[in-house]
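Notes for the structure review
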Amino acid sequence: MTTARNKGRLARREFLRRSAAASMMAAVAAPCVAPGSALGKDGAVPPSEKITVGMIGTGSHGVHWNLRAYLEQPDAKVLAVCDVDANHMAEAQKKVNEKYGNTDCAAVKDFRDILARRDIDAVMISTPDHWHVLMSVMAVRAGKDVQCEKPTLTIDEGKYLVQVVREHKKVFQTSTEDRSIPVYHRMAELVRNGRIGKLQRIEVILPKQPVHPGNPEPQPVPPELDYEMWLGPAPFAPYTKDRCHFNFRWIWDYSGGIICDWGTHLFDTAQWANDTERTGPVEIEGKGTHWEGGLFNTVKDYDVAFRYANGVTMTCTPGNPSIKFIGTDGWVGNRGWRGRLEASSEEILKSAIGPNELHLYTNAGGEHRDFLDCVKSRKDPYFPVDIGHRVSTVCHLANIAVKLGRKLKWDPQAEVFPGDDEANRFLSRPMREPWKFDA
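Everything in this summary refers to the structure shown in the same document. A quick note: this is a predicted structure, and the numbers were derived from the prediction, not measured. (Residues numbered from 1 in each chain as written. Predicted model: local features only at pLDDT ≥ 70, side-chain atom pairs only at ≥ 80, totals over all residues. Heavy atoms only, no water.)

**Observations regarding the overall build of the protein**
Under the convention used in this document: The helix count covers DSSP runs of H or I at least four residues long, the strand count covers runs of E at least two residues long, and both are numbered beginning at the N terminus. Relative accessibility thresholds used throughout: buried, under 20% of the residue-type maximum; exposed, over 50%; partly exposed, between the two (1.4 Å probe, protein chains only). We call two residues in contact whenever any of their non-hydrogen atoms come within 4.5 Å of each other. Per-residue and other accessible areas follow the Shrake-Rupley method at a 1.4 Å probe size, with only the shown protein chains counted as cover for residues.
Looking only at helices and strands, the protein features 13 helices and 14 strands. The proportion of buried residues among the 439 residues of the protein is 55%. When contacts within the protein are restricted to residue pairs at least 6 apart in sequence, long-range pairs at least 24 apart make up 71% of them. Carbon together with sulfur atoms contributes 53% to the accessible area of the protein, which is approximately 19,100 Å² in total.

What follows is the structure in structure tokens.
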């Protein structure tokens, strides 16, 4: 579908193409010759066809995974980087300028400066979790397509994000690589095509992190950090080194702990293989403990069980990150992140998916390549907004079950705990002023 904004962008690119053509004609009468790369020859992508990108969040993952991937894409051009940590931002800006051989990359501390730029087509959001949905909603409303790291902060935020993305008809990629990793794609296809018979049980194992309780002692805010902007919509809390950057994952105000951090990966493969990626479980029961005596307060030990309407059960426990699908005629899975595929028989391992069977959509180039392809086609990427929301929901359901320590009923259509006010109060969290969705 071609939107009004797409028409405007196509008009801009058509103007640039005509300008390039006019320059080429002028070159016939002049000694100067336009380089082939500017016109898209020899496989080069002309500037008018490149998708312009703003990077929001340039910490370790933002730079070494997301920025690196975008700089490798021939049809993408990073125009600006943003981070509340000036040192991280400077590193990202340097990498961009070195890649392009110029000093054109803008560096800003306020992400709204990127959203305000009309020459930026898309944004890559690599911030802590408590910023994911708010930034994504603001970016979509500013006319940007969005690739954003997982997960959401709450179930209600995820529902709202789906609504906004669909209303504005933008491309949204939930950013994980799992669906492009052969072993996870392969096991999902084997299960969906009945190679283990009728699926009965899924066993998910996530890591046990962190390894220490975190230092809660207040410390001076480093001069390079805009701590107020780092906190954003989260409740105010004094700065301590263990609160920011990587360790935000273990603090309830900013994330959902290890279950949200790693669960978004392996629960996605589970839902994909179970053909429940646009719904969710109907019953959850969990027990466990939380970190105490330090800064961190998310789940520490956990044992969670889910039941789906189709009768499939799923368990989640800590250990070596792994997944296993057990059916009436065998099992398939792996041990360790990206571990080799294992099965109950060689027949299952070597089974070929026939041309008339179900072939699950993937993109071997990964989530960044898939996102760029979909920005052009206007199709959903392999991990679209609604599927990403449903996977985050599974993580949140697990955390809520552990917090309450009892069995919970879940209505995946209405997305509520029927008649359970105590559980439903965990569906959302307030935002600190002045941040809000309708700003």
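**Re the layout of surface pockets**
Stated precisely, the cut-off is as follows: In the cavity and pocket records, a cavity denotes points on a 1 Å grid over the protein atoms alone where a 1.4 Å probe fits but cannot get out, a pocket denotes an open set with protein on both sides within 12 Å along at least 5 of 7 lines, and lining residues are residues with an atom within 4 Å of a point. Grid points are joined across faces, edges and corners, and a volume is the space filled by probe spheres set on the points.
Empty space within the largest pocket amounts to approximately 880 Å³. If you trace the largest pocket, you find 42 residues lining it, with H61, S126, T127, F248 and R249 closest to the centre. Secondary structure elements with two or more residues in the lining of the largest pocket: α2 (60-71), α3 (86-100), α5 (129-141), α8 (227-231) and α9 (257-274). Considering every element that reaches the lining of the largest pocket, the biggest residue donor is α2, with five residues.

**Some details on the packing of α2 against α3**
Defined as follows: Lines fitted to the C-alpha atoms define the axes, with helices restricted to the stretch that makes contact. Angles between their N-to-C directions range from 0 to 180 degrees. Each angle gets one of four labels, with under 35 degrees taken as roughly parallel, over 145 as roughly antiparallel, 65 to 115 as roughly perpendicular, and the rest as oblique. Left-handed describes a crossing whose near helix is turned anticlockwise from the far helix by less than a right angle; the clockwise case is right-handed. Only Asp, Glu, Lys and Arg are considered charged in this grouping, and only Ala, Val, Leu, Ile, Met, Phe, Trp, Tyr, Cys and Pro are considered nonpolar; every other residue, Gly among them, is considered polar.
Where α2 contacts α3, the two axes come as close as 11 Å, and the packing angle between them is 25°. Here α2 is positioned roughly parallel relative to α3, judged by the angle of their axes. Crossing of α2 over α3 shows right-handed handedness. Contacts between α2 and α3 involve V63, H64, L67 and L71 from the former and E91, A92, K95, V96, K99 and Y100 from the latter. The residue makeup of the contact of α2 with α3, split by class, is six nonpolar, one polar and three charged.

**Quick word on the packing of aromatic side chains**
Formally: Only Phe, Tyr and Trp rings take part, Trp by its six-membered ring, and two of them pair if their centres are within 6.5 Å. Stacked means planes under 30 degrees apart, edge-to-face means over 60, and tilted covers everything else.
What the rule picks out here adds up to 12 aromatic pairs. Aromatic pair F246 and W250: ring centres 6.0 Å apart, planes at 70°, arrangement edge-to-face. Residue W250 is classed as buried on the basis of its relative accessible area, which comes to 1%.

**Points about the sheet that holds strand β4 (residues 122-125)**
Selection rule: Any two strands are treated as partners once DSSP identifies two or more bridges connecting them.
Here we have six strands laid out as an open sheet, ordered β3-β2-β1-β4-β5-β6, and parallel in their pairing. One side of each edge strand has no neighbouring strand; the edge strands of this open sheet are β3 (106-108) and β6 (172-175). Averaged over all neighbouring strand pairs, the angle between strand axes comes to 20°, with direction disregarded. Pairing between strand β2 (residues 76-82) and β3: three bridges, direction parallel. Residue pairing for β3: A80 is matched across the bridge by A106.

**Some details on the pairing of strand β1 (residues 51-56)**
Looking along a regular strand, one sees the side chains alternate between the two faces of the sheet. Keep this limit in mind: If you view a crossover with the strands going away from you and the path from the first strand over the helix to the second runs clockwise, you call it right-handed.
For β1, the tally of buried residues reaches six of six residues, placing the bulk of the element in the interior. Across the two faces of β1 the burial is the same, with I51, V53 and M55 and T52, G54 and I56 all buried. Pairing of β1 with β2 involves six bridges; the strand directions are parallel. Considered in β2, the bridge of I56 is made with C82. Taken together, β1, α2 and β2 form a β-α-β motif whose crossover is right-handed. With four bridges connecting them, β1 and β4 associate as parallel partners.

**Concerning the nonpolar core**
Nonpolar side chains tend to gather and get buried jointly when the protein is soluble and globular. Here is the rule we go by: Put simply, a nonpolar core is a bunch of buried Ala, Val, Leu, Ile, Met, Phe, Trp, Tyr and Cys residues held in one set by side-chain atoms that sit within 4.5 Å of each other.
Core analysis: the largest hydrophobic core is formed by 103 residues, its most contacted members being F267, F306 and F325. The element contributing the most residues to this core is helix α12 (residues 385-404), with 11 residues. When residues no more than four places from it in sequence are discounted, the contact partners of F325 are M187, V191, I196, L199, R201, I202, T269, A270, A273, G330, W331 and V332. By size, the runner-up hydrophobic cluster in this structure holds 21 residues, among which are V63, V96, V171 and C374.

**Focus: the pattern of salt bridges**
The cut-off we apply is this: Definition used for salt bridges: Asp or Glu carboxyl oxygen within 4 Å of a side-chain nitrogen of Lys or Arg.
A complete count under the given rule lists 28 salt bridges for this structure. Across the salt bridge formed by R390 and E415, the nearest N and O atoms sit 3.9 Å from each other. With R390 in helix α12 and E415 in the loop between β14 (408-409) and α13 (421-424), this residue pair connects regions lying 25 residues apart in the sequence. The residues R390 and E415 share a single accessibility class, namely buried. For R406, the salt bridge is made with D420, and the minimal N-O distance between the two is 2.9 Å. Here R406 is found in the loop between α12 and β14, whereas its partner D420 is found in the loop between β14 and α13, with 14 residues between them in sequence. Overlapping salt bridges bring together D75, R369, D373 and K376 as one network.

**Observations concerning empty space enclosed by the protein**
In this approach, a probe sized like a water molecule rolls over the atoms, and the result shows the empty space that is left. Counting across every chain of the model gives two cavities of 30 Å³ or more. Considering only enclosed or pocket space, the largest cavity measures out at about 100 Å³ in volume. Lining the largest cavity we find 15 residues, and of these P151, T152, L161, F172 and T174 sit closest to its centre. Elements that contribute at least two residues to the lining of the largest cavity include exactly α5, β5 (145-149), β6 and α12. Here the element with the most residues in the lining of the largest cavity is α12; it accounts for four residues. Split into classes, the residues belonging to the lining of the largest cavity amount to six nonpolar, seven polar and two charged. Lining the second largest cavity, in full, are L153, T154, I155, W252, H396, N399, I400, F426 and R429. Tallying contributions element by element places α12 first for the lining of the second largest cavity, with three residues.

From the geometry alone we can't say anything about function, so treat these as descriptive.
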